[in-house]
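Here is how the chains run, residue by residue.
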Amino acid sequence: MKTLVTGGTGFIGRHLVDRLAAAGTSVRCLVRPLSDTAAFLGRPEIELVHGDVGDRAAAAAALDRVDTVYHLAIDYSRQTADDLLPLLDACRERGIRRFVYFSSVAVAGTPPRGGAVSESTPCRPTTEYGRQKLLAEEALLDAHAREGFPVVIVRPTSVYGPGETNFWLPLFRAVHGRRLPARFGDGANLLSLCFIDNLLDGVALAAQSESAIGRIYILSDARPYSCREVIDAIARASQVPPPRRAIPNALAMPVARVLDYLWRFDVIEPVTPFLPGRVRQWMAHCPCGVDRAHRELGYRPAVDLAEGVRRTVDWYRGHGFLYRTLPWGGNAPDASAPAKSLRPRARALDFAGRSATLGWKLVALSWRVPRKIVRRVRRRLRWEPA
Amino acid sequence: MSRDRKTRLAIVGCGAVAERFHLPAARGLAGVQVCALVDRDRARARSLLFKFGCRDAKICGDAAEVPPDTEAAIVAVPNAHHGPVACGLLKRGIHVLCEKPMATTVDDCRAMISAAEQGRAALVVGHHKRFVPSVRQAKTWVEQGVLGRVHRISGSMGMPWQSWPSRTRFLHDAGLAGGGVLIDSGVHLIDLVLWLVGAPEILDCRATPEGRPVEEEAKLEFRTAGGVFGSLRFSRRRMLPNLFRIEGERGFIEFDSYDYPSVKVSSQDLAVCRDAGSVCFRWPHRPPSTSPYRYQLEHFIRCVRGAPVDVQNSGREAARTIEIVTVAYDTLRLRSAVPA
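Owing to the predicted nature of the structure, the values given are computational and were not obtained by experimental measurement.

S.K.: Explain the overall build of chain A to me, please; I cannot follow it from the model alone.
M.R.: Scanning chain A for helices and strands turns up 12 helices and 14 strands. In chain A, buried positions account for 39% of the 386 residues. Restricting the contact set of chain A to residue pairs at least 6 apart, pairs at least 24 apart contribute 75%.

Okay, structure coming up:
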């Protein structure tokens, strides 16, 4: 029998597929026709089926001789969990052994003041992503309650690790490149991270345990980490000093907004960790507990923050996400020559050039801002007539 | 390029690519004199004549009207006209730099090659990405074996359609364009694969919207004779990562498929990478966007003047790109004809 993975081209999906394939499981991935499947080419142990999860025929075809389904795919463009229903119906008809649904702690929303998020915390999602995942959870639990559908729901916290290039990479880049001059807030807020290997350990336990059917499990590292701990761990793994200064909590968001505007008007290069949306997420206090997974599944996260961040930094370095920038001299670099840093004179010239550019941009800003405002007003008048 | 002798160059087709890239490149070369601007819309040709200060250039409504002393021509007309227009010029002994794609059919490509032989003229095709410094450096590294055996290539080119200021919107017309994003953007990356690791054999091709003659998004999966697997994605609808990545046993090379100020490399064989892991070589000053076109034109002019050059983008190589695109379209047609 085969195992079906939807969303197998994403960060978690790729790791899951690799782990299943390494364990000798026959894996089939349902991928959208235009997904980037370069990582799976030339690997006969992984079967690719093209189609959309929301397409009944594609879902039915993908489930041929499948006994376990790992459902990770999500269509961000849809506002409902409708794309799950064709797959759910097809799974019911086929009578699969286990359906593992990858939800998120985003379904719980903001934790109660001073408390931690657990599986029993009332769900009040604050994002569209969380609402969509919650709708899907409800549909699956309903199917379980009515017909005993063999679903297990896992709610990973913020997953990081080799291959994650969306949420955490900007922070790693900023710390590694020493472009994070200050921490946002005092850094005492607790964040729940989950290293990818820990998550997959938990998922494997949930997929095998008979008592897990119909249950929800939060999967995270052994304990929440403070924001300061996370930044320090990244700095240590990157072998750079961590930012010593801190922007007070009350000022962090206003500073982020000002930086955002300066970036939008091309005055500065974007410092992604300082974008308001990111700052809000990193300043959030969101500890999650893994007591249920620990108690019922025997889940023991093996990789701690320092080790997880070290492995992640190594991967980013090896795959070109954390890199050293050198000026091009016009000739191919000598393979035997050691790396050279910029000479003092070149550095001074570089600094002068940057200062001049910044000065020019500030001058340009004085006429660009009014123009942008006029353009926005015009657009609004044209598109949204009173 | 010597200043004393100027190559007389005709620009056939005065659309967006001529205005944005070919004419600025020609104006920047001292050894080139634009002698004719050809466009069915003579007013358009005249406006470019004034814009680029080509005072001595003749305005023509048809490629057959270019002056007899024209030595070379850049053909930048809609894709389906590349074959007939280029053949007419080549038979007259005029050297041709034809915009990509070389033609919309393999037959047209063959006709162009035989016309070039008949007229003893040079035929090169505008796969200008071969002249991008970062891409050329990547080619050098691959040839030097810095990556060891190359085993995987992934590339993407995609941005919303509105970003290209086409005047005629011929790219929406399958009859004129020869297809959609695959023949328009696809030929660039297919040509790079061909140039870097050899001819790809198509394993699979997908496109959306399905069954339409002008596809807006496409994906190609391929394998080369050397065992390189790869996947290329193209889109006119949305922004894609726009990266071209070559992975080998000992590292990888990555460059931007649209914008070229840098090339990223990681290899155990390069000393600079040993400490940092990956190094991004960045050009200190962003090269002007016309520069690959300028290098391409310089190369073409050297070919025209009979200098002993290794022709980088010959018609024969470009014809192979069209053969591969044709196979991809056949795969798509076959899939839409056979219900799943």
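S.K.: Is there a simple way to explain the interface of chain A and chain B in this structure?
M.R.: Tallying the contact residues gives 25 residues for chain A and 31 residues for chain B. Put simply, the parts of the chain that give the side of chain A that touches chain B at least two residues each are α11 (305-318) and β14 (323-327) of chain A. Considering only residue class, the side of chain A that touches chain B consists of 15 nonpolar, 7 polar and 3 charged. As judged from the 5 bridges shared by β14 of chain A and strand β14 (residues 278-282) of chain B, these two strands associate in the parallel manner. Note that in β14 of chain B the partner of T325 of chain A across the bridge is C280 of chain B.

S.K.: Mind showing me how you'd approach the confidence of the model for chain B here?
M.R.: Segments scoring low in pLDDT should not have their predicted coordinates read at a detailed level. Residues and elements named next belong to chain B. Residues of chain B with pLDDT of at least 70 account for 96%, and the chain-wide mean is 90. Mean pLDDT values over the elements of chain B span from 78, in helix α9 (residues 271-276), up to 97, in strand β4 (residues 72-75). Here the predicted complex scores 0.82 on pTM and 0.78 on ipTM.

S.K.: Any chance you could explain the nonpolar core here in plain terms?
M.R.: Soluble globular proteins tend to bury their nonpolar side chains together. All names here are of chain B. Residues I11, V12, L37, A73, L90 and V96 are the most contacted members of the largest nonpolar core, which totals 207 residues. In terms of residues, this core owes the most to one element, helix α11 (residues 315-337), which gives 8 residues. Looking at this core, you find at least three residues from each of domain 1 (7-129 + 292-313) and domain 2 (132-288 + 322-337). Leaving out residues up to four positions away in the same chain, I11 has contacts with A18, H22, L23, V34, L37, V38, I74 and A76.

S.K.: Is there a simple way to explain the domain arrangement of chain B in this structure?
M.R.: Residue and element names in this part refer to chain B. Along its sequence, chain B is carved into domain 1 (7-129 + 292-313) and domain 2 (132-288 + 322-337). Taking the mean C-alpha position of each, domain 1 and domain 2 sit 25 Å from one another. Listed as interface residues are 15 residues of domain 1 and, on the opposing side, 21 residues of domain 2. For the side of domain 1 that touches domain 2, the residue count by class is 9 nonpolar, 4 polar and 2 charged.

S.K.: Got a minute to help me understand unusual backbone geometry in this structure?
M.R.: Leaving glycine aside, a negative phi is the common case for residues, and trans is the common case for peptide bonds. The residue after K100 of chain B, namely P101 of chain B, is reached through a cis peptide bond having omega -10 degrees. Locating P101 of chain B in the fold gives a position in the loop between β5 (95-99) and α4 (106-119). With an omega dihedral of -10 degrees, the bond running from T208 of chain B to P209 of chain B counts as a cis peptide bond. Within the secondary structure layout, P209 of chain B lies in the loop between β8 (200-208) and β9 (217-224). Its identity as a non-glycine residue notwithstanding, R65 of chain A has a phi of 60 degrees, on the positive side. For R65 of chain A, the position within the fold is in the loop between α2 (56-62) and β4 (66-71). In this structure R65 of chain A comes out as exposed when scored by C-beta crowding, with 10 C-beta atoms within 10 Å. Of note in this structure, Q239 of chain A is not a glycine but carries a positive phi near 60 degrees.

S.K.: Can you walk me through the pairing of β14 of chain B in this structure?
M.R.: Regular strands have side chains that alternate between both faces of the sheet. In this structure, strand β13 (residues 262-267) of chain B lies alongside β14 of chain B, joined through 4 bridges in antiparallel fashion. Bridge assignment links V265 of chain B to a residue of β14 of chain B, and that residue is V279 of chain B.

S.K.: Got a minute to help me understand the pairing of strand β7 (residues 150-158) of chain B in this structure?
M.R.: Residues and elements named next belong to chain B. With 7 of its 9 residues buried, β7 lies for the most part within the structure. As defined by bridge partners, β7 adjoins strand β11 (residues 243-248) across 5 bridges and the pair is classed as antiparallel. Its bridge partner lying in β11, S154 is registered against R245. Note that β7 and strand β10 (residues 229-235) share 7 bridges and pair parallel. Each bridged residue has a counterpart across the sheet, and for M157 the counterpart in β10 is F234.

S.K.: Help me understand the packing of helix α1 (residues 16-27) of chain B against helix α10 (residues 291-304) of chain B in this model?
M.R.: The packing of two helices is summarised by the inter-axis angle and the distance between the axes. Residues and elements named next belong to chain B. At a minimum axis distance of 8 Å, the contact between α1 and α10 shows a crossing angle of 60 degrees. Classified by the interaxial angle, the pair formed by α1 and α10 is oblique. When the axes of α1 and α10 are compared, the crossing they make is right-handed. Here F21, H22, A25 and A26 of α1 lie close against α10, whose contacting residues are Y293, R294 and L297.

S.K.: Can you help me understand the packing of helix α3 (residues 84-94) of chain A against helix α4 (residues 128-147) of chain A in this one?
M.R.: Residues and elements named next belong to chain A. Where α3 contacts α4, the two axes come as close as 11 Å, and the packing angle between them is 20 degrees. One way to sum up the angle between α3 and α4 is to call them roughly parallel. When you trace α3 past α4, the crossing you get is right-handed. Within the contact between the two elements, α3 uses L84, L85, L88 and R92 and α4 uses A136, A139, L140, A143 and E147. Classifying every residue of the contact of α3 with α4 gives 7 nonpolar, no polar and 2 charged.

S.K.: Could you clarify how one ought to interpret the sheet that holds strand β3 (residues 46-50) of chain A in this entry?
M.R.: One key point about sheets: their strands pair by backbone hydrogen bonds, in either a parallel or an antiparallel sense. Residue and element names in this part refer to chain A. Pairing in this open sheet of 7 strands is parallel, and the strands run β3-β2-β1-β4-β5-β6-β11 from one edge to the other. Pairing within the sheet leaves two strands with one partner each, and these edge strands are β3 and β11 (216-219). The sheet shows a mean angle of 20 degrees between the axes of neighbouring strands, direction not considered. As defined by bridge partners, strand β1 (residues 2-6) adjoins β4 across 5 bridges and the pair is classed as parallel. Across the sheet, K2 pairs through a bridge with V66, a residue of β4.

Definitions and cut-offs
Residues numbered from 1 in each chain as written. Chains lettered and ligands numbered in written order. Predicted model: local features only at pLDDT ≥ 70, side-chain atom pairs only at ≥ 80, totals over all residues. Helix = DSSP H or I, 4+ residues; strand = E, 2+ residues; numbered from the N terminus. Buried ≥ 20, exposed ≤ 12 C-beta atoms within 10 Å, placed from the backbone. Contact = placed C-beta atoms within 7 Å. Nonpolar A, V, L, I, M, F, W, Y, C, P; charged D, E, K, R; others polar. Pairing = 2+ DSSP bridges. pLDDT = per-residue confidence, 0-100. Core = buried A, V, L, I, M, F, W, Y, C linked by C-beta atoms within 7 Å. Domains from an automatic or database assignment. Axes fitted to C-alpha atoms, helices over the stretch in contact; angles between N-to-C directions. Parallel < 35°, antiparallel > 145°, perpendicular 65-115°, else oblique. Left-handed = near helix turned anticlockwise from the far one by under 90°.

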